[in-house]
Number of protein chains: 2
Amino acid sequence: MKRIAESTVRRLSLYLRFLEDFEKRSIGTISSDELAARGSTTSAQVRKDLSFFGSFGKRGLGYSVPELLARLRQILGLDHEWHVVIVGAGKIGAALAQYRGFSQRGFRIVALYDSDPEKVGRTVDGLQIRPMSALTAESHHHRPDIAVLAVPATAAQEVADIVVAAGVRAILNFAPQQLQVPDTVALKEVNMAIELEGLSFALTNLRM
Amino acid sequence: MKRIAESTVRRLSLYLRFLEDFEKRSIGTISSDELAARGSTTSAQVRKDLSFFGSFGKRGLGYSVPELLARLRQILGLDHEWHVVIVGAGKIGAALAQYRGFSQRGFRIVALYDSDPEKVGRTVDGLQIRPMSALTAESHHHRPDIAVLAVPATAAQEVADIVVAAGVRAILNFAPQQLQVPDTVALKEVNMAIELEGLSFALTNLRM
DNA sequence: GACGTCTTGTGAATTTCTTCACAAATTACG
DNA sequence: CGTAATTTGTGAAGAAATTCACAAGACGTC
Ligand SMILES: NC(=O)c1ccc[n+]([C@@H]2O[C@H](COP(=O)([O-])OP(=O)(O)OC[C@H]3O[C@@H](n4cnc5c(N)ncnc54)[C@H](O)[C@@H]3O)[C@@H](O)[C@H]2O)c1
Ligand SMILES: NC(=O)c1ccc[n+]([C@@H]2O[C@H](COP(=O)([O-])OP(=O)(O)OC[C@H]3O[C@@H](n4cnc5c(N)ncnc54)[C@H](O)[C@@H]3O)[C@@H](O)[C@H]2O)c1
């Protein structure tokens, strides 16, 4: 199969959201044009994105909302549950642990770890904070697929090494720190400072 | 001036981080190669990115760290303070309000708003939560440049309209909701669910 | 069942982004 | 001063992503 661009995958996630909305409003069929309008893209882009994975539409009619939903879930790997551990039960880690949006999409938070003895043992949203020393052993039981890193930048690489050794195959990193991981491990960064700087650039250079 | 690609701006932010680190370690001069190595890009990419804004290096030598730092800060508009309001003092909004990383880079949080009367009046990190009804009037005084939206998706568009009317010219949106704003307003989305879905896709389709 | 309307799926064209590759500058050093 | 070693800045080439544009299929109607 041809390599799929990251931008395509991001758009598929968007389409999924729009389709969920269309389904909620009991709309049975949708055209690439309508889908495109919701995502400020073009109908050709929508069709091209989908065409990498097959032909899901009917000419003259469009796409069946429930069918395309099922296909997209399958393509994105959302047709089953993923096990997620969060490392770092600070402000961001705690917010993420409580966030409903993740479990809704099949990302089940199986454990929350922190190195601070003060925090260990406390409960966040029904989940007890566990000590870092327990991560490796407990991973044999939980079998986490994804680790979310919400630790200080200085600890991020060390923690990444630990979770990779514990069998995690994907990392979502919130620490502003470039991580090194084996290329068998998928890695995404969320860097809010970079987004803000992007806005700063836009304010400075565009218009005015 | 030629249009600058978003990917270029993101890389400039990264270079800035690396340079700050080099400066901390008292390294006076850096080559595009060394900068590239830190950001898993190429030296040609680094030079091309910088070349959109001028020639800052010395042939045979590289770039002066303090000089390039200053240039990048200027290019990104980080050579002065931006006023930021956060709307939504929930889990994410509170975490962001307390985050040191923003003020460090000149993003000063001037106000925090919420519509919940229970929350209004409480203090987060020295900042009193203000009622939504006060946003417009207080903006005449604070003159916010950037609004961070940390409200439920259902409220996001409504809040966006309010902050735009109040004179905000850039929005960082954490709600999983596609916003409509005038094209004089810069907009960035942070969507953590999409990042997780990207990892899910990678786990599903790459290897195995 | 022929005709008109609609919308997909996809090669081709276009645009955008990245990498290559090398002349021009600069330094180091004998 | 001359030569070797670096490293920038940038056109040109190459790769990747997006948009165009249209043939082909599906439906509704008469
Ligand atoms: N809070 C925000 O709004 C925000 C925004 C953007 C980025 N970030 C980044 O997210 C990360 C966490 O930020 P935060 O505000 O939640 O910080 P925080 O200090 O509230 O939380 C960090 C947590 O990590 C724990 N920790 C430290 N070292 C550890 C280790 N080696 N192993 C396990 N746990 C460890 C600490 O005990 C603490 O509970 C930071 O890298 C920060 O830069 C935060
Ligand atoms: N918590 C997370 O980890 C997380 C992760 C990803 C995305 N998000 C998104 O961020 C947003 C906020 O999430 P949260 O977890 O902080 O939710 P939250 O419920 O803790 O906070 C939302 C806050 O917004 C306030 N609010 C509601 N309507 C408002 C309005 N019209 N005007 C002003 N304030 C209003 C509420 O009173 C509340 O304090 C949501 O859109 C959520 O989907 C959150």
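This text follows the structure it describes.
Rules of the game
Residues numbered from 1 in each chain as written. Chains lettered and ligands numbered in written order. Predicted model: local features only at pLDDT ≥ 70, side-chain atom pairs only at ≥ 80, totals over all residues. Heavy atoms only, no water. Near = heavy atom within 4 Å. Polar contact = N/O pair within 3.5 Å; in protein donor to acceptor, adjacent residues only side chain to side chain. Helix = DSSP H or I, 4+ residues; strand = E, 2+ residues; numbered from the N terminus. Buried < 20%, exposed > 50% of the residue type's maximum accessible area, 1.4 Å probe, protein only. Pairing = 2+ DSSP bridges. Nonpolar A, V, L, I, M, F, W, Y, C, P; charged D, E, K, R; others polar.

## So, the protein's contact with DNA strand C
Next, step 1: In the vicinity of DNA strand C lie 24 residues, with S32(A), R47(A), G60(A), Y63(A) and R59(B) positioned nearest.
Next, step 2: Sugar and phosphate atoms form 63% of the subset of DNA strand C atoms that lie within 4 Å of the protein.
Next, step 3: At a separation of 3.0 Å, a phosphate oxygen of DNA strand C approaches a polar backbone atom of G57(A).
Next, step 4: Mapped by element, the contributors of at least two residues to the surface near DNA strand C are α3 (43-51), β2 (57-58) and β3 (62-64) of chain A together with α1 (6-24) and α3 (43-51) of chain B.

## Digging into the environment of V65(B)
Residue and element names in this part refer to chain B.
Next, step 1: Relative to the assigned elements, V65 resides in helix α4 (residues 65-76).
Next, step 2: A residue is classified by how much of its surface remains accessible, and V65, at 1% relative accessible area, is buried.
Next, step 3: The spatial distance from the C-alpha of V65 to the C-alpha of E138 is 40 Å, given a sequence separation of 73 residues.

## Some thoughts on the sheet that holds strand β9 (residues 170-173) of chain B
Residue and element names in this part refer to chain B.
Next, step 1: Taking strand neighbours across the sheet as the criterion, the 7 strands line up as β6-β7-β5-β4-β8-β9-β10 in an open arrangement whose pairing is mixed. The outermost strands of the open sheet, each flanked by one partner alone, are β6 (123-124) and β10 (186-189).
Next, step 2: Across 3 bridges, the pairing between strand β5 (residues 107-114) and strand β7 (residues 127-131) is parallel. Residue pairing in the sheet places Y113 in a bridge with R130 of β7.

## Description of the site of ligand 2
Next, step 1: Taken together, 24 residues lie near ligand 2, and Y99(A), I92(B), D114(B), K119(B) and V151(B) sit nearest.
Next, step 2: More than one chain reaches ligand 2: the nearby residues come from chains A and B.
Next, step 3: Backbone polar atom of K91(B) to an oxygen atom of ligand 2: 3.0 Å apart, as the coordinates give it.
Next, step 4: A distance of 2.8 Å separates an oxygen atom of ligand 2 from a polar side-chain atom of K119(B).
Next, step 5: Of all the secondary-structure elements, those providing two or more residues to the shell around ligand 2 are α5 (91-98) of chain A together with α5 (91-98) and α8 (153-165) of chain B.
Next, step 6: The leading source of residues in the shell around ligand 2 is α8(B), at 3 residues.
Next, step 7: Of the residues that constitute the shell around ligand 2, the class distribution is 17 nonpolar, 3 polar and 4 charged.

## Concerning the protein's contact with DNA strand D
Next, step 1: Within the structure, DNA strand D sits among 25 residues, and R11(A), R59(A), S32(B), R47(B) and Y63(B) are positioned closest to it.
Next, step 2: The protein-proximal atoms of DNA strand D, defined as those within 4 Å of the protein, are 62% sugar or phosphate.
Next, step 3: For DNA strand D, a sugar or linking oxygen lies 3.4 Å from a polar atom in the side chain of Q45(A).
Next, step 4: The separation between a phosphate oxygen of DNA strand D and a polar main-chain atom of F56(B) is 3.1 Å.
Next, step 5: Put simply, the parts of the chain that give the surface near DNA strand D at least two residues each are α1 (6-24) and α3 of chain A together with α3, β2 (57-58) and β3 (62-64) of chain B.
Next, step 6: It is α3(A) that contributes the most residues to the surface near DNA strand D, 4 residues altogether.
Next, step 7: When the residues that make up the surface near DNA strand D are grouped by side-chain class, the tally is 5 nonpolar, 11 polar and 9 charged.

All quantities given are derived from atomic positions and should not be read as evidence of function.
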